[in-house]
Amino acid sequence: MFLGTSLVGDSSSYTITPSYVDNIRHLNLARGFFDSLTVNEDVNKYNINSPIPKEWEVTTIMMGDFDETTSLGVLDIDLDLVDSILVKRRELGENNPDHDWVIIEYQDLSDLSYEEKLEAINSFKYDTTNRSLATYEYAIIPLVNGEEAITVSGTVKSSFDGIFILDKDEIWGTIVTDAFINTTRNVEKSYQTTLNYRYPVSTTAAVINYDSGSATGEFVPFDTETCELIYEDKIRTDYQKRFMDFLTNYKPKILKSLDGRIWLCDVSPSPSDNANSIYNRRQVTFNWVEIGDYESQRDTYFSKIYDIPTQYWED
Amino acid sequence: MAVPVINVIKAFDATQGTTFTFSYTGNQVVGIQFVISRADTLEEVYRNVTDAEFLRAGTVPLKLQGIIPSDAGLENSRKYSMKLRVIDVYRNPTDWSAASYFTCYETPTLTFKDLESGDKIKAQSYAATVVYHQADNEKLQSYWFNLYDEALNVLSTSKTFYDVTEVGGVVTLRYAFTNLSDDTTYYIRCQGTTIHGMSCDSSPIQINVDYKFYNDFQVLYLSNDHVNGRIEYQGNFKIIWPDEYYDEFEYENSYIHLEDKELNYNRGFVIENDFILWLKGKVPYKNNTFLTLYNDAYSVTVESVVYDGYIKFKMTANNGLNNYVLYSQSFEEFADYLEDFVWVIRRVGHVYQFAVRTTTDFLSDVLVSYEKPDAEYVKTGIAWVNGDEASVIRVSKANIITSDTKPNKVNVPTIWIGGDS
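Residues numbered from 1 in each chain as written. Chains lettered and ligands numbered in written order. Predicted model: local features only at pLDDT ≥ 70, side-chain atom pairs only at ≥ 80, totals over all residues. Heavy atoms only, no water.

**Student:** Would you take a moment to explain the overall build of chain B for this structure?
**Tutor:** Looking only at helices and strands, chain B has one helix and 34 strands in total. The contacts of chain B with a sequence gap of at least 6 include a subset with a gap of at least 24, amounting to 55%. Accessible surface for chain B amounts to roughly 20000 Å². Of this, 45% is attributable to carbon and sulfur atoms. (Helix = DSSP H or I, 4+ residues; strand = E, 2+ residues; numbered from the N terminus. Contact = heavy atoms within 4.5 Å. Areas by Shrake-Rupley, 256 points an atom, 1.4 Å probe, with all protein chains shown as cover.)

See the structure below:
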């Protein structure tokens with residue numbers, strides 16, 4: 001045995017400086033035939049006797065089976081070749097029988113470094129054009145030479161309270177329970193009478209078929225820390241002025257409600273702000289007209305909701 | 001008396017023959033005779049029946065069509081003329097028709113580029129590239145694409161394209177099949193027509209769509225933001241390639257050959273602190289360092305140590321001041337690359353564990369710590385250095401529990417522990 005009783009400096013002494021190596025960013029593998037390599041950070045789940053995990057997990061750092069590839073990532077694409085990414089979304093279920101996708105984001109990565117590309121793909125983002133009470137599949141799709149290299153997707157259930165109205169840059173909402181939207185379905189028909197028939201003849205104006213309506217709600221600031229509405233005059237009035245400016249900025253908008261209704265619409269003149277029983281309980285009311293299909297790539301493009309280059313459209 | 005008129009004969013492959021039609025106004029036709037000659041020399045190449053046979057035609061009414069057989073002696077890349085006469089049910093032969101001209105071409109091909117039947121498609125769309133080829137340079141006039149389900153029912157058909165472009169003598173057609181569903185088998189097909197009416201067909205090619213669908217957010221994080229009325233999303237892409245190009249290596253039975261090569265992974269990942277690593281493979285019966293993990297200053301290595309007909313594996317964690325060394329069980333000498341091992345390194349805080357096992361058997365387990373490990377790690381065959389977190393401790397038999405044979409070489413200030421239990 002090598003263990004003796006000497007003090008520091010002797011060949012049998014041991015300096016107990018922590019020996020761990022942190023922030024390992026390099027790995028070299030050589031001089032052998034290798035079948036797989038896996039690194040996982042979950043040392044509570046896996047002990048030294050655990051079998052090699054077969055699936056990627058959130059805690060997987062690298063994993064590869066060297067089956068005609070040297071990739072140790074979850075995606076075996078070459079990020080150097082990726083020039084852009086698309087984010088697509090489609091509603092699952094009866095509302096979308098053709099399983100059509102809508103592209104909600106396009107990002108040009110061609111001038112970015114490897115690390116910048118990875119950061120861009122993995123950055124936190126959000127989609128405000130979702131409908132309540134729907135299940136969506138979202139997909140992130142890296143493009144190589146403009147063609148889809150791989151699709152990564154997952155599903156999420158969408159739901160929210162109140163009414164939200166948004167354009168490309170802003171989203172405003174009211175979660176108070178007395179918000180509501182009334183609608184009218186507009187179709188065009190005319191009736192002509194003839195000399196020799198008792199009843200009038202109806203004439204239909206082809207495809208005209210859209211909603212219009214009015215929305216009302218207390219659009220007041222919401223403190224996300226305390227989950228309380230802020231009725232303090234200065235804060236409330238500034239907030240409501242900015243909201244009125246938003247409603248009257250002439251940009252097409254998406255209006256959506258907690259019950260699953262959603263429209264691509266235009267706010268028609270002129271929104272009003274009225275007291276409801278007391279002076280600081282304000283209710284904003286605005287009328288709107290549906291101007292397109294919120295799931296149409298073309299309609300949302302020309303409404304400036306999404307800015308997706310036309311060559312990527314699928315409809 | 002009326003004479004028959006031969007309808008246009010589309011170009012066809014001489015090795016396959018074709019069927020042609022003609023028009024005739026008169027009594028019921030019971031026999032036809034046609035003669036094919038080379039258009040340039042007028043040399044007769046094929047006659048379907050002799051004059052005598054023609055005049056002895058039976059009484060069975062015939063359709064107004066004829067068959068040019070594949071063994072008619074025609075050659076591709078040649079132009080031919082054909083004349084035809086018929087005999088009616090009253091034994092009246094007509095005069096010969098006017099000559100009709102046609103050309104024989106080798107059947108053109110449409111081939112999906114870089115695609116083999118059964119290939120896996122990793123996206124919800126597939127950008128197909130099809131190469132058109134015709135030996136006689138017969139031009140392609142139009143083409144279209146079909147998408148079929150697994151039972152070859154047509155799911156969709158593209159519009160017909162007429163924009164045929166040729167670059168460097170190669171005609172390449174492109175089309176994107178979109179809205180493909182995950183975990184689904186499809187067939188795709190390209191068909192076309194040449195300027196002389198020849199049909200071409202890629203035949204249905206099977207593709208299996210298998211893109212990454214994740215519901216537990218390991219690659220795509222999705223969350224419903226109830227308060228703000230939005231869906232949050234974030235990629236969690238881990239894309240890790242070595243500096244070397246994958247095509248530089250040989251692969252066999254899912255093993256990568258690194259006898260005289262190496263893989264260096266230098267970007268796309270970071271092992272911040274605790275980890276567990278599994279490496280499965282084969283190494284030669286030699287002294288070699290085959291795995292190195294390192295940061296800008298320090299490293300963790302695994303090497304093979306050969307001695308006296310045995311081999312054991314050594315894990316070294318180096319922090320610049322100490323080597324934290326663990327040895328595996330010993331294995332008897334084996335022929336190069338015969339044994340299949342799994343090397344496992346597990347780091348928890350200051351504690352490393354190192355185990356080597358064969359594919360099926362766990363062979364050794366050594367753990368070193370300056371604190372007594374948790375009870376779950378203290379099993380037969382486990383060793384630990386007992387002490388507190390002082391910068392220096394005195395090592396004696398009293399505060400270490402281990403047993404082993406001594407390695408062949410011990411370096412100062414290396415601490416080694418290895419064992420058969």
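What follows picks up the thread again.
**Student:** Even after reading the chapter, I still don't get helix α1 (residues 114-121) of chain A, so can you show me in this structure?
**Tutor:** Since one α-helical turn is 3.6 residues long, residues separated by three or four positions face the same way. For α1(A), the full list of buried residues reads Tyr114(A), Lys117(A), Leu118(A), Ala120(A) and Ile121(A). Along the long axis of α1(A), the arc covered by the buried residues comes to 160°, so they all point the same way. (Buried < 20%, exposed > 50% of the residue type's maximum accessible area, 1.4 Å probe, protein only. Arc of directions from axis to C-beta.)

**Student:** Would you mind showing me how to read the pattern of salt bridges here?
**Tutor:** Residue and element names in this part refer to chain B. Under the criterion given, the structure shown has 28 salt bridges over all chains. Here Arg-85 makes a salt bridge to Asp-51, at a shortest N to O gap of 3.5 Å. Placement of Arg-85 in strand β6 (residues 78-88) and of Asp-51 in helix α1 (residues 51-55) is noted, with a sequence separation of 34 residues between them. Here Arg-85 falls in the buried class, since its relative accessible area comes to 13%. (Salt bridge = Lys/Arg side-chain N within 4 Å of Asp/Glu carboxyl O.)

**Student:** Even after reading the chapter, I still don't get the interface of chain A and chain B, so can you show me in this structure?
**Tutor:** It is common to give the size of an interface as the accessible area that goes away when the parts come together. Contact residues are listed per partner, giving 117 residues for chain A and 121 residues for chain B. Summed over both partners, the interface of chain A with chain B buries about 11500 Å², with 59% contributed by carbon and sulfur atoms. Run the count over chain A and chain B and you get three salt bridges. One salt bridge connects Arg267(B) with Asp80(A), and the closest N-O pair in it is separated by 2.6 Å. Per-element tally for the side of chain A that touches chain B: the top contributor is strand β3 (residues 33-40) of chain A, with eight residues. Here four bridges tie strand β7 (residues 124-127) of chain A to strand β20 (residues 230-235) of chain B, and the two strands are oriented antiparallel to one another. In the strand pairing of β20(B), Tyr126(A) is matched with Glu232(B). (Buried area = accessible area lost by both parts, 1.4 Å probe. Pairing = 2+ DSSP bridges.)

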